[in-house]
Amino acid sequence: DDIIFNIGVRVDRYDANQEVLKDRYSIYNVLTAGEVTDFGAHPANIGDDYVVYVDDNTNAASITGYRNGDNWYNAAGLPITDPNVLNVSKGVLPMLADPDALLNGDALNKGLSADAFEDYEPEITVMPRVSFNFPISDEAMFYAYYDVLTQRPSRNRMNPLDYLFLAYKTATTVNNPDLKSQKTTNYEVGFKQALSSSSALTINAFYREMRDMMQYTRVAYAFPKEYYTWGNIDFGTVKGLSLAYEMRRTKNVRLNANYTLQFADGSGSSDVTGVNIVNSEQPNLRATLPLDYDQRHNLTASMDYRYGSGKSYNGPLINGKQIFANAGVNLIATLGSGTPYSRQLNATREAMFGINDRNYLEGSVNGSRLPWTYR
């Protein structure tokens, strides 16, 4: 009978309301295994919706491989990690639905057609929120909390010119109009205990899980040219424990103190963390590393000393006047351990160009710590 529940739900429907590529690996319509029958039977493990790759997409003589989403296969249906093995002469080439468009299309768009695009598929996200608490006694209380939050993406404005000039661009970074919402799930449990009539101690543990976070990616072996964009590929977790002491105003003093122990790990601290990796032609590697805001220890304390007024005034008087009525002093102190950074092995210039001055990493990414700070 003493349990108090707060239960709610929010439903978001996100529609970017724009065109997106049917296949992000090709700006032209491609053929799938179910549509290609001129080369005999396909391997048994190749589905009808797998994209077919050939030796020449204007005059195909043989099949070189297949692709299902981001997974690649050779002509025998065996999984491969490097699609470059499908390049037998002219490149990694998908079998096009209209190969004549490349030959007969104008010099600008090379036969680019609106058929290669489709409407953005709206995303519906259900976000429950549940919290409850119940008193263990008249001086102690247990509580728990759970919720799901979403954030709609940025860098997703569809610009048709990005695709019109894709084959001719030197800096091939384009927005991704097909990005989905980023999701965060929070869990928290806590215990609050009264220490006196005016003070209490709170202990709580928390866990936050982040999914579908945005990150800079490389669409390798895309046709007619590979390019860079953003994808929902990042993830991370934040977990920890916090202690809070609260003393309501007793005579003239109010005091609050909070200590947090936190562990924040993930595959990217921002949506451009992976720029150097993909620009060096590495795959879209995902590795769990300390996030930029991973601060192991944080302590904050606040003390307020203040006089009241009228009958509640207990300060000094001069000629019967309350000279410090409603006056006070506040002190805030913060102490925190260092946040992560990537230690550099060599010294490099900050403001010079025209010289190839490379920096080299000592240790791992975010493997070093800045010193403690206090204020």
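Conventions and cut-offs
- Residues numbered from 1 in each chain as written.
- Predicted model: local features only at pLDDT ≥ 70, side-chain atom pairs only at ≥ 80, totals over all residues.
- Heavy atoms only, no water.
- Patch = residues over 30% accessible without salt bridge, like charges linked within 9 Å, V, L, I, M, F, W, Y side chains within 5 Å.
- Areas by Shrake-Rupley, 256 points an atom, 1.4 Å probe, with all protein chains shown as cover.
- Salt bridge = Lys/Arg side-chain N within 4 Å of Asp/Glu carboxyl O.
- Lys, Arg positive; Asp, Glu negative; His and termini not counted.
- Charge placed at Lys NZ, Arg CZ, Asp CG, Glu CD.
- Buried < 20%, exposed > 50% of the residue type's maximum accessible area, 1.4 Å probe, protein only.
- Phe/Tyr/Trp six-rings, centres within 6.5 Å; stacked < 30°, edge-to-face > 60°.
- Helix = DSSP H or I, 4+ residues; strand = E, 2+ residues; numbered from the N terminus.
- Pairing = 2+ DSSP bridges.

### Some remarks on a negative patch on the surface
No. 1: On the surface, a cluster of negative charge is contributed by Asp15, Glu19, Glu118, Asp119 and Glu121.
No. 2: Owing to a relative accessible area of 37%, Glu118 belongs among the partly exposed residues under this scheme.

### Quick word on the packing of aromatic side chains
Given two aromatic rings, their pairing is described by the distance between the two centres and the angle made by the two planes.
No. 1: Under the defined criterion, the tally for this structure stands at 18 aromatic pairs.
No. 2: Ring geometry for Tyr216 and Tyr228: centres 5.8 Å apart, planes at 5 degrees, overall stacked. Of the two residues, Tyr216 is situated in strand S12 (residues 199–219) and Tyr228 in strand S13 (residues 227–250); the sequence distance between them amounts to 12 residues. The burial state of Tyr216 is the same as that of Tyr228; both residues are buried.
No. 3: On the numbers, 6.1 Å between centres and 15 degrees between planes, the contact of Tyr307 with Phe324 is stacked. Note that Tyr307 is positioned in the loop between strand S16 (297–306) and strand S17 (317–318) and Phe324 in the loop between strand S18 (321–322) and strand S19 (328–336), a separation of 17 residues in sequence.
No. 4: Under the relative-accessibility criterion, Phe324 is labelled partly exposed at 39%.
No. 5: An aromatic cluster of at least three residues, connected via ring pairs, comprises Phe5, Phe132, Phe134 and Phe142.

### Description of the sheet that holds strand S7 (residues 93–94)
No. 1: If you trace the five strands from one edge of the open sheet to the other, you get S6-S5-S4-S3-S7, paired in antiparallel fashion. If you trace the sheet from one side to the other, it starts and ends with strand S6 (79–80) and S7, each paired once.

### A few points about the pairing of strand S5 (residues 71–74)
No. 1: Strand direction decides the pairing type here: strand S4 (residues 63–68) and S5, joined by four bridges, are antiparallel. Residue pairing across strands places Tyr66 opposite Tyr73, the latter belonging to S5.
No. 2: Between S4 and S5, which pair antiparallel and follow one another directly, the connecting turn spans two residues, one of which, Gly69, has a positive phi of 65 degrees.
No. 3: Two strands pair when backbone bridges link them, and S5 and S6 are joined in this way by two bridges, in the antiparallel orientation. Across the sheet, Trp72 pairs through a bridge with Ile80, a residue of S6.

### With respect to a nonpolar patch on the surface
No. 1: On the surface, a nonpolar cluster with roughly 380 Å² of combined accessible area is contributed by Leu195, Leu201, Ile203, Leu241 and Leu243.
No. 2: Listed by contribution, the elements that provide at least two residues to the nonpolar patch are S12 and S13.
No. 3: As for its placement among the helices and strands, Leu241 is situated in strand S13.
No. 4: Taking the relative accessible area as the measure of exposure, Leu241 reaches 37% and is therefore partly exposed.

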